[in-house]
Structures are given as C-alpha cells and as structure tokens.
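Spelled out from the first residue to the last, the chains are:
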Amino acid sequence: MIKLLDIRQKFTNIREQVEKRVCDSYLLKYIEIPIIDEDKLLILVSIMDRLELSFSDMQNYALSTMLIQIALDTHEHISDASVEEKNRQLTVLAGDYFSGLYYKLLADSEDILMIKALSKGIKEVNENKISVYQNDILAIEELMTSIRLIESSLLAHLSEYFKVDLWNDFLENLLLFKRLLKEKSQFIHTGSSVVFEALQSIVFPVNHNKVKELSREQQSHLFLCCDHYLEMSKNVIEKRLEQLPYLNELLEKRIISILSQYQPNAKTFVEEG
C-alpha cells in the first residue's frame, strides 16, 4: 500500500487550496459555504498519485476538476423557493465565479486535451441533470444511469485522460452508492428528494401527489427500488476493492466507512419516518 502519511499530506494540501479559492468572504455573507466533496477529491488524488506527475501538476488538475465540480453543485443548489432573490442571484454568480476560476486554471496550464476531457464530463453532467430534473426518464435503469453520470462523469473522463480507466467502474458505483444514500436519508428526514421524485414519476406515473403524500406501501416500494441499486453498487464496490492496484489505506478506510452507512430494510425506514 502507499504510505498513508504521504497521501494524506497531498490530499490535505490540495483541499486547503480548494478552500482558499472558493471561500470568498463576501459571497459567504449571502450563500451557504460551498460543499467540497472530499471523497471525489480523495479519489482524484489517489488516481493521480500513482502517475508520474509532479505535485504541482497533480494540484492543478485536482483544483481544476474540483472547482468545476463545485460550480456545477452550486448551480444545482438553486431550487429552494424560500431563498431570497438576492441570495439566489448571488448563488448563480458564485457558481459562475467558480467556473471562471476553473477556466483560468486550465488556460494557464495550456493543456488542450485535459480541457476537452473535462468539457465532455461537464456536458454529460448537465445533459443528465436536465433529464432527471424535468422527469424525462421513463425507466428506473435509465434514471440510475443518469445519476451515475451526474456523479462520476468528471472523474471518469479524467481517468480516461490519464489512461487509468480501470478505475471507472469502481468510482461510478461508489459515487452512485453515495448519492443514493444521501437521497434516501434526505427523503426520510425531509420528505423531499430529487431521485425519489424521479422514481415516483416512473413507478407511479398517474399519481400526481408529492412523494411524501404517497401511501406507506407506495413509499416502501420506492425504498425497495433504491435499496436494489444500493445493493448492486455495493457488490461491485466490494469486488473492485480486491482488484484495484495500489489502493491506498486512506481511501480504503473511507470506502469501508461509506459502505457501513447502508442499512437495508426499506419497510423499517418508512415506518420510522
């Protein structure tokens, strides 16, 4: 295994650089602190750590990818009708600001192939977000494919760029698993979830109630659908854990922690909710 201290130092240093760029003091007066997906950053660092890259190049690639990921996540966050208009506009501008930082970093690097790779990822993310949010999807498998692409396209195209796409099946399933866990928890605690609303439009197309207004049996069915894909992803992740070369200890521990958060038994969740 790779030395734990080495990978932890690289991860920490790059995370601090990301935070330094996105935590603008003025913006933070009006918008929530931008979410930095540390798992995606750790995967990025882990992929690049085995390549013949200088730390400077690794940092630039990771910063570029995380900045555009944060920009995409920030734009997606503009959905709460209760948010004041000024805050909503500032959130849009914040997303644009993070995008601008991303383009400046890439322009400075003059890496045309990297720009093309990440551009493909951005296009896939946005196309699939539109499909999910507009309820244009007619099959559960298609929905899960879209969620998988939304979560993993940037990293997948990056790994293809570095010719280490043996990571892709693993990271796609891990990030799908993590997103489904989040959506499931969100629905249990708030009665609202993008994925569960999309599931409802597929499974119960003639029922126009809000998801939280569905019967207990109908909600249980949606949980079962979600659990089915959680189980499938979990199986792939566990299998790939044994196959990925040079998997570092820090990432392995994080993956095990994510997997341990999964609790099946949809009926119990619905009853407790």
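**With respect to the pattern of salt bridges**
Phase 1 of the analysis: As enumerated under the stated definition, the model contains 14 salt bridges in all.
Phase 2 of the analysis: D6 is paired through a salt bridge with K10; the nearest N and O atoms lie 3.4 Å apart. Taken as a pair, D6 and K10 lie in helix α1 (residues 4-22) at a separation of four residues, close to a single helical turn.
Phase 3 of the analysis: With relative accessibility at 29%, the residue D6 sits in the partly exposed group.
Phase 4 of the analysis: For K10, a relative accessible area of 18% gives the class buried.
Phase 5 of the analysis: Among the salt bridges present, the one from D227 reaches K184, with a minimum N-O distance of 2.5 Å. With D227 in helix α9 (residues 216-241) and K184 in helix α7 (residues 168-190), the pair connects residues that are 43 residues apart, well separated along the chain.

**Some thoughts on the state of the cysteines**
Phase 1 of the analysis: All chains considered together, the criterion is met by zero disulfides.
Phase 2 of the analysis: No disulfide involves C225; its nearest neighbouring cysteine sulfur is the one of C226, lying 8.6 Å away.
Phase 3 of the analysis: The class for C225 is buried, based on a relative accessible area of 11%.

**A look at the environment of F55**
Phase 1 of the analysis: Mapped onto the fold, F55 is located in helix α3 (residues 55-76).
Phase 2 of the analysis: Apart from the residues within four sequence positions on either side, F55 is in contact with K10, N13 and I14.

**Re the packing of helix α5 (residues 112-133) against helix α6 (residues 140-161)**
Phase 1 of the analysis: At a minimum axis distance of 8 Å, the contact between α5 and α6 shows a crossing angle of 175°. Overall, the two elements α5 and α6 adopt an arrangement that is roughly antiparallel. Residues L113, M114, A117, L118, K120, G121, I122, E124, V125, N128, K129 and V132 of α5 form the contact with α6, whose own contacting residues are L143, S146, I147, L149, I150, S153, L154, H157, L158 and Y161.
Phase 2 of the analysis: Partitioning the contact of α5 with α6 into residue classes produces 14 nonpolar, five polar and three charged.

**A few points about the confidence of the model for the protein**
Phase 1 of the analysis: On average, residues of the protein score 84 in pLDDT, and 81% of them reach the 70 mark or higher.
Phase 2 of the analysis: Across residues 1-5 the pLDDT falls below 50, and counting only partners more than four positions away or on other chains, this stretch makes nine contacts in the model.

**What to know about helix α2 (residues 38-49)**
Every α-helical turn comprises 3.6 residues, leaving residues that sit three or four positions apart pointing alike.
Phase 1 of the analysis: For α2, spanning twelve residues, the distance from its first C-alpha to its last is 16 Å, which sits close to the expected 16 Å at 1.5 Å a residue.
Phase 2 of the analysis: Every buried residue of α2 is listed here: D39, K40, L41, L42, I43, L44, V45, S46, I47, M48 and D49.
Phase 3 of the analysis: Put simply, D37 is the residue that caps the front of α2, since its side-chain oxygen is 3.1 Å from the backbone nitrogen of D39.

**Regarding the environment of E127**
Phase 1 of the analysis: Of note, E127 is situated in helix α5.
Phase 2 of the analysis: The class of E127 is partly exposed, set by a relative accessible area of 40%.
Phase 3 of the analysis: A sequence separation of 22 residues divides E127 from L149, and the C-alpha atoms of the two residues are 9.5 Å apart.
Phase 4 of the analysis: Polar side-chain contacts of E127 include one of 2.6 Å to the side chain of K123.

**Quick look at the environment of Q186**
Phase 1 of the analysis: Position of Q186 among the secondary structure elements: in helix α7.
Phase 2 of the analysis: Residues Q186 and F196 lie ten residues apart in sequence; the distance between their C-alpha atoms is 9.7 Å.
Phase 3 of the analysis: Residue contacts for Q186: discarding those within four places in its chain leaves G191, S192 and S193.

The rules behind the values
- The residue count restarts for each chain, going from 1 along the sequence in the order it is written.
- Whole-chain, interface and lining totals are the exception, using all residues; otherwise, since this is a predicted model, local features are given only for residues with pLDDT of at least 70 and side-chain atom pairs are given and counted only at 80 or more.
- Note: side-chain values were computed over all heavy atoms of the structure, leaving out hydrogens and water.
- Put simply, a salt bridge is a Lys or Arg side-chain nitrogen that is within 4 Å of an Asp or Glu carboxyl oxygen.
- A run of H or I in DSSP counts as a helix once it spans at least four residues, and a run of E counts as a strand once it spans at least two, with each numbered from the N terminus.
- Buried residues are those whose accessible area, probed at 1.4 Å on protein chains only, stays under 20% of the maximum for their type, while exposed residues exceed 50% and partly exposed ones sit between those limits.
- Disulfide: a pair of cysteine sulfur atoms within 2.5 Å of each other.
- In what follows, a contact means two residues having at least one pair of non-hydrogen atoms within 4.5 Å.
- Axes here refer to lines fitted to C-alpha atoms; in helices the fit is confined to the stretch in contact. Angles between the N-to-C directions go from 0 to 180 degrees.
- The cut-offs work like this: below 35 degrees is roughly parallel, past 145 is roughly antiparallel, 65 to 115 is roughly perpendicular, and the gaps in between are oblique.
- Side-chain classes follow a simple rule in which Ala, Val, Leu, Ile, Met, Phe, Trp, Tyr, Cys and Pro form the nonpolar group, Asp, Glu, Lys and Arg form the charged group, and the remainder, Gly included, forms the polar group.
- Confidence of the predictor at the level of single residues is captured by pLDDT, which takes values from 0 to 100.
- Multiplying one less than the number of residues by 1.5 Å gives the expected span of a helix.
- Between N or O atoms, a polar contact is any pair within 3.5 Å; within protein, one atom must be a potential hydrogen donor and the other a potential acceptor, and residues adjacent in sequence are included only when both atoms are from side chains.

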